[in-house]
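# Topology and contacts: notes
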Amino acid sequence: MKPVRKVVIPVAGLGTRVLPATKSIPKELLPVVDRPLIDYVVAEAREAGIDDVILVTGRGKGAIEEYFDHAFELEATLAAKGKNDVLAALKAALPKAGTVSYTRQQAPLGLGHAVWCARALVGDEPFAVSLPDEIVPERPGFLKQMVDAYAQTGGNIVAVEEVPPEETSKYGVIAPKARKGELIEMTGMVEKPAPKDAPSNFRIIGRYILQPEIFALLEKQERGAGGEIQLTDSMNALVREQTFHACLCKGVIHDCGSKLGWLQANVDLGLKSPELSQAFRKFVETRVKD
Ligand code: G1P
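Residues numbered from 1 in each chain as written. Predicted model: local features only at pLDDT ≥ 70, side-chain atom pairs only at ≥ 80, totals over all residues. Heavy atoms only, no water.

Across the junction of Leu19 and Pro20, the peptide omega takes the value 5°, indicating a cis bond. The omega torsion of the bond from Arg139 to Pro140 falls at 0°, within 30 degrees of zero and hence cis. With respect to the element layout, Pro140 can be found in the loop between β7 (134–135) and α7 (142–153). The phi dihedral of Val33 falls on the positive side, at around 60°, and the residue is not glycine. Within the secondary structure, Val33 is located in the loop between β2 (31–32) and β3 (35–36). Here Val33 falls in the partly exposed class, since its relative accessible area comes to 30%. The phi dihedral of Lys192 falls on the positive side, at around 45°, and the residue is not glycine. (Helix = DSSP H or I, 4+ residues; strand = E, 2+ residues; numbered from the N terminus. Buried < 20%, exposed > 50% of the residue type's maximum accessible area, 1.4 Å probe, protein only.)

Most of helix α9 (residues 231–238) is tucked away: 7 of the 8 residues are buried. When we look at burial in α9, the residues that qualify are Leu231, Thr232, Ser234, Met235, Asn236, Ala237 and Leu238.

The ligand sits among 13 residues. The nearest are Glu134, Gly172, Glu191, Lys192 and Ile204. Lys192 places a polar side-chain atom, nitrogen or oxygen, 2.7 Å from an oxygen atom of the ligand. With respect to the ligand, the backbone of Ile204 contributes an N or O atom lying 2.6 Å from an oxygen atom. In isolation the ligand exposes 380 Å². Once the protein is present, 76% of that is buried. Looking at the shell around the ligand residue by residue, the class counts come to 5 nonpolar, 4 polar and 4 charged. (Near = heavy atom within 4 Å. Polar contact = N/O pair within 3.5 Å; in protein donor to acceptor, adjacent residues only side chain to side chain. Areas by Shrake-Rupley, 256 points an atom, 1.4 Å probe, with all protein chains shown as cover. Nonpolar A, V, L, I, M, F, W, Y, C, P; charged D, E, K, R; others polar.)

The next point concerns the packing of aromatic side chains. Per the stated rule, a full pass over the model turns up 3 aromatic pairs. The interplanar angle of 80° and the centroid separation of 5.4 Å between the aromatic rings of Tyr67 and Phe68 together place this pair among those described as edge-to-face. Since its relative accessible area comes to 30%, Tyr67 is described here as partly exposed. In this structure, Arg35 is placed above the aromatic ring of Tyr40, and the distance from its NZ or CZ to the ring centre is 4.1 Å. (Phe/Tyr/Trp six-rings, centres within 6.5 Å; stacked < 30°, edge-to-face > 60°. Lys NZ or Arg CZ within 6 Å of the ring centre and 35° of its normal.)

Taking 1.5 Å of rise per residue, the 14 residues of helix α10 (residues 259–272) would be expected to cover 20 Å, and the 20 Å separating its terminal C-alpha atoms lies within 8% of that figure. Summarising the contacts, the buried residues of α10 are in contact with β2, α1 (37–47), β7, β13 (254–255) and α11 (277–289). (Expected span 1.5 Å × (residues − 1). Contact = heavy atoms within 4.5 Å.)

The next subject is the side chain of His254. Looking at the secondary structure, you find His254 in strand β13. With a relative accessible area of 8%, His254 lands in the buried category. There is a polar contact of 3.0 Å between the side chain of His254 and the side chain of Asp268.

Printed below as a string of structure tokens:
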């Protein structure tokens, strides 16, 4: 069984749910405490042993490339001022040269189209997909849990969680067949079903392990929900051909593509930050009492 070595991270989205913050900066660079969203997602992949990062980018997203490069002036200034711990932290977070690749999604045709744009960089091997709106700060992260499950099952895996039935129309939803521990076999999945049509209330989280055969399905995938080329629709076809599991990963996930989710992530991680928690907790407590 081939290992999962690459992660595709679509970063071409416009971030309309958090405007105007994302009018002139990529939403993937919104900070949670002191790190941009993309940093959390790349760190989660690294923990899972996935070091090759493929970013599917678009217009106005150039600052993401700057983030994954040395900033010589900044580094020289930090060194001259003796701020060695900050400098060391910056360098440690920088991916090894040559491990981050970029391709462009030239038109906003949907998540399925974005993943398909990465086909040449992925090649003929299994790969992960991580959607950077959703961050998983705790360890083990969801990708690590999924890679461990993959070692047992092979095939394809999506991360899922249970949501209130009225929320199914915001997500991809699976049709479960049989559950064994954290793994659920399924008969299919559907993108953004109305609650009355939803086959369950297990919604797909933005973490996937997929086999390269998905690309041929994406190539001829017709537009689906919202008029977009949906990854869920091609995965639904792949369920009929290959092993496919849903994984009920353990841990907290924050949807930072929404204003509320982003605020919650900052409060949660601020309260856990070794540097800030004491002072921040005091501040939050005074505000909650008011
Ligand atoms: C995408 C997927 C959906 C999934 C969701 C997770 O939707 O199409 O299946 O449940 O991500 O965040 P989007 O948020 O791009 O509308």
